[in-house]
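# Examination of the molecular architecture
Read off the chains here:
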Amino acid sequence: MSEIIGFSGSYSRPSKTRALVEAATLKAAQSTGLPHDVFDIGDLGPSLGGAQSLADLDQTGRALIDRLINAQAIVVGSPVYKGSYTGLFKHVFDLIDPAALHGKPVLLTATGGGDKHALVIEHQLRPLFGFFEAATVPTGIYANAAYFEGSEAVGQSVGARIDTAVAQLAAAIAATNRHHQPKAVNAA
């Protein structure tokens, strides 16, 4: 589908992680002209915890995962607990076929209580999406609690990182579109 999907690995509402994912997804949609939507772990429904495959998800959860898989690009984010992404966030991606995200442009985000978690993007999220052979953009966005007022992102440095990452995501989407266009055939 020609849309950008934002996925937050937070179960909390309101959520700093969802706010960050929403900000990046909205900016990416505005930059590319693509429609967008954002959902989080809670939207996947109660069948997620016991699911051993995508077929075990209820209809709503399965439809959302299908949209994520079929999106033009995705923006993902997780809160950081004990130096890593959440267990349910990882469980969602454990259900997805390893080939399903191959080449898909992905923007990585994370939130945490302090700066000591900032490397989660490089040490946890990037390897996860590398396994899927997704096309993660070079700039990841990490925001600690100081960048938020309630659940709203307010830090200027985070805004600058969002701008940089979104420009990279837009370029990756354009490159993917060029790669998938039919080649012109020369008439002889």
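Preceding block: the structure.
Everything quoted here is computed from the prediction, not taken from an experiment. (Residues numbered from 1 in each chain as written. Predicted model: local features only at pLDDT ≥ 70, side-chain atom pairs only at ≥ 80, totals over all residues. Heavy atoms only, no water.)

## What about the pattern of salt bridges?
Under the criterion given, the structure shown has 11 salt bridges. With a closest N to O distance of 2.8 Å, Glu3 and Arg67 form a salt bridge. One end of the pair, Glu3, is in the segment before β1 (4–8); the other, Arg67, is in helix α2 (residues 59–70), with 64 residues separating them in the sequence. In this structure, Glu122 engages Arg126 in a salt bridge whose closest nitrogen and oxygen atoms are separated by 2.9 Å. A residue pair is termed a helical-turn pair when its members lie 3 or 4 positions apart in one helix, as Glu122 and Arg126 do in helix α4 (residues 120–131) at 4 residues. (Salt bridge = Lys/Arg side-chain N within 4 Å of Asp/Glu carboxyl O. Helix = DSSP H or I, 4+ residues; strand = E, 2+ residues; numbered from the N terminus.)

## Details of α2
With 12 residues, α2 extends 16 Å from end C-alpha to end C-alpha; this agrees with the ideal 16 Å at 1.5 Å per step. Considered for burial, the residues of α2 that qualify are Gly61, Leu64, Ile65, Leu68 and Ile69. Each buried residue of α2 lies within a common arc of 140 degrees when the element is viewed along its axis, so the set occupies one face. Seen from the buried face of α2, the exposed residues on the opposite side, beyond 90 degrees, are Gln59 and Thr60. If you follow the buried residues of α2, they end up packed against β1, β2 (36–40), β3 (73–79) and α3 (87–94). If you check the start of α2, you find a side-chain oxygen 3.3 Å away from the backbone N of Thr60, and it comes from Asp58. (Expected span 1.5 Å × (residues − 1). Buried < 20%, exposed > 50% of the residue type's maximum accessible area, 1.4 Å probe, protein only. Arc of directions from axis to C-beta. Contact = heavy atoms within 4.5 Å. Polar contact = N/O pair within 3.5 Å; in protein donor to acceptor, adjacent residues only side chain to side chain.)

## Here we look at the layout of surface pockets
Each pocket or cavity is described by its volume, and for the second largest pocket that value is around 160 Å³. Residue lining of the second largest pocket: 16 residues in total, with Lys16, Thr17, Pro79, Tyr81 and Thr111 positioned closest to the centre. Elements with a minimum of two residues in the lining of the second largest pocket: α1 (16–32), β4 (105–112) and β6 (141–144). Here the residues of the lining of the second largest pocket are counted per class, giving 7 nonpolar, 8 polar and 1 charged. (1 Å grid on protein atoms, 1.4 Å probe; cavity = no way out; pocket = protein on both sides within 12 Å on 5 of 7 lines; lining within 4 Å. Points joined across faces, edges and corners; volume = space filled by probe spheres on them. Nonpolar A, V, L, I, M, F, W, Y, C, P; charged D, E, K, R; others polar.)

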